[in-house]
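# Residue-level structural notes
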Amino acid sequence: MNGGGDLASLLRDIHLPQAPAWWPPQPGWWLVALVLLAAVLWWLRRLPAWKREALARLKSAEADFARHGDAARLLAEVSVLLRACALKLQDRAEVAGLTGQAWIECLRALGRGACPAPEEALVDGAYRRRVELDAAAFARSAAAWIRRARSYKDGSR
């Protein structure tokens, strides 16, 4: 049994397997990343409750216009709605008394450069006897303004 030393010399040390590669990740990690990305995008794109309510009121005003066809009434309803949105975004003292071009500039500032078109209808449309207005385009531009509108002080939605 002298050969015991010879057998021990034939043994090899334990070899650990190679560490798994970190790239590319397993399919489960791709799924987790996709779900997280979707959640982040949803969170960034969600509308605050006041914007959803304003868009619903705008849709209601459009439906009313489809029934009565009075452009002046639609203009008045949308103007009140825009004023309410502006009051939501800024201090009452800064927004409530604005008229004319100052009101248009406030809408542009809150809408990050956008203002519901036609602007002249917002300025003096309520004082005209007859209002010429493309109601569908006006409602679309008002909806776009509501979605874009942010306070120019703090950047809140």
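Below, the structure is looked at part by part. (Residues numbered from 1 in each chain as written. Predicted model: local features only at pLDDT ≥ 70, side-chain atom pairs only at ≥ 80, totals over all residues. Heavy atoms only, no water.)

The subject of this paragraph is the nonpolar core. In this structure, Leu 122, Leu 133, Trp 145 and Ile 146 are the most contacted members of the largest nonpolar core, which totals 32 residues. Of all the elements in the fold, those that place two or more residues in this core are helix 3 (49-68), helix 4 (71-89), helix 6 (100-110), helix 7 (119-124) and helix 8 (135-148). For this core, the element with the most residues is helix 4, which contributes 9 residues. Ignoring sequence-local partners within four residues, the contact set of Ile 146 consists of Lys 51, Ala 54, Leu 55, Leu 58, Leu 81 and Cys 85. (Core = buried A, V, L, I, M, F, W, Y, C linked by side-chain atoms within 4.5 Å. Buried < 20%, exposed > 50% of the residue type's maximum accessible area, 1.4 Å probe, protein only. Helix = DSSP H or I, 4+ residues; strand = E, 2+ residues; numbered from the N terminus. Contact = heavy atoms within 4.5 Å.)

Right, let's talk about the packing of aromatic side chains for a bit. Taken as a whole and judged by the stated rule, the model has 2 aromatic pairs. Taken together, Trp 22, Trp 23 and Trp 30 form an aromatic cluster joined through their ring pairs. Sitting over the face of the ring of Trp 103, Arg 83 holds its NZ or CZ atom 3.8 Å from the ring centroid. (Phe/Tyr/Trp six-rings, centres within 6.5 Å; stacked < 30°, edge-to-face > 60°. Lys NZ or Arg CZ within 6 Å of the ring centre and 35° of its normal.)

Okay, helix 6 next. Among the residues making up helix 6, those that are buried are Trp 103, Ile 104, Cys 106, Leu 107 and Leu 110. Summarising the axial view, the buried residues of helix 6 lie within an arc of 160 degrees, below the 170-degree limit, and thus occupy one face. Buried positions along helix 6 lie against helix 4, helix 5 (92-95), helix 7 and helix 8. Positive phi appears at Arg 112, one or two residues downstream of helix 6, with a value of about 50 degrees. (Arc of directions from axis to C-beta.)

In this section: the layout of surface pockets. Estimated volume of the largest pocket: approximately 210 Å³. Lining the largest pocket are 14 residues, with Ser 79, Leu 122, Val 123, Ala 126 and Tyr 127 positioned closest to its centre. Broken down by secondary-structure element, the contributors of at least two residues to the lining of the largest pocket are helix 4, helix 6 and helix 7. Residue contributions to the lining of the largest pocket peak at 5 residues, all from helix 4. (1 Å grid on protein atoms, 1.4 Å probe; cavity = no way out; pocket = protein on both sides within 12 Å on 5 of 7 lines; lining within 4 Å. Points joined across faces, edges and corners; volume = space filled by probe spheres on them.)

Mapping Ser 141 onto the fold places it in helix 8. A relative accessible area of 18% means that Ser 141 is categorised as buried. In this structure the side chain of Ser 141 is engaged in a polar contact, spanning 3.1 Å, whose partner is the backbone nitrogen of Ala 117. (Polar contact = N/O pair within 3.5 Å; in protein donor to acceptor, adjacent residues only side chain to side chain.)

Residue Pro 24 is reached from Trp 23 by a cis peptide bond, and omega for that bond is 0 degrees. If you trace the backbone, Pro 24 turns up in the loop between helix 1 (4-10) and helix 2 (27-45). Geometrically, the link from Ala 117 to Pro 118 is a cis peptide bond, its omega value of 0 degrees lying close to zero. Inspection of the secondary structure assignment puts Pro 118 in the loop between helix 6 and helix 7. A positive phi angle, close to 50 degrees, is found at Arg 112, a residue other than glycine. The topology assignment puts Arg 112 in the loop between helix 6 and helix 7.

A separate point is the pattern of salt bridges. Enumeration according to the criterion identifies 5 salt bridges in this entry. The residue Glu 119 makes a salt bridge to Arg 108 at a minimum N-O spacing of 2.5 Å. Of this pair, Glu 119 sits in helix 7 while Arg 108 sits in helix 6, placing them 11 residues apart in sequence. Its relative accessible area of 25% is what places Glu 119 among the partly exposed residues. (Salt bridge = Lys/Arg side-chain N within 4 Å of Asp/Glu carboxyl O.)

A contiguous nonpolar patch, built from Leu 37, Val 40, Leu 41, Trp 42, Trp 43 and Leu 44 and spanning about 670 Å² of accessible area, is present on the exposed surface. Mapping Leu 44 onto the fold places it in helix 2. (Patch = residues over 30% accessible without salt bridge, like charges linked within 9 Å, V, L, I, M, F, W, Y side chains within 5 Å. Areas by Shrake-Rupley, 256 points an atom, 1.4 Å probe, with all protein chains shown as cover.)

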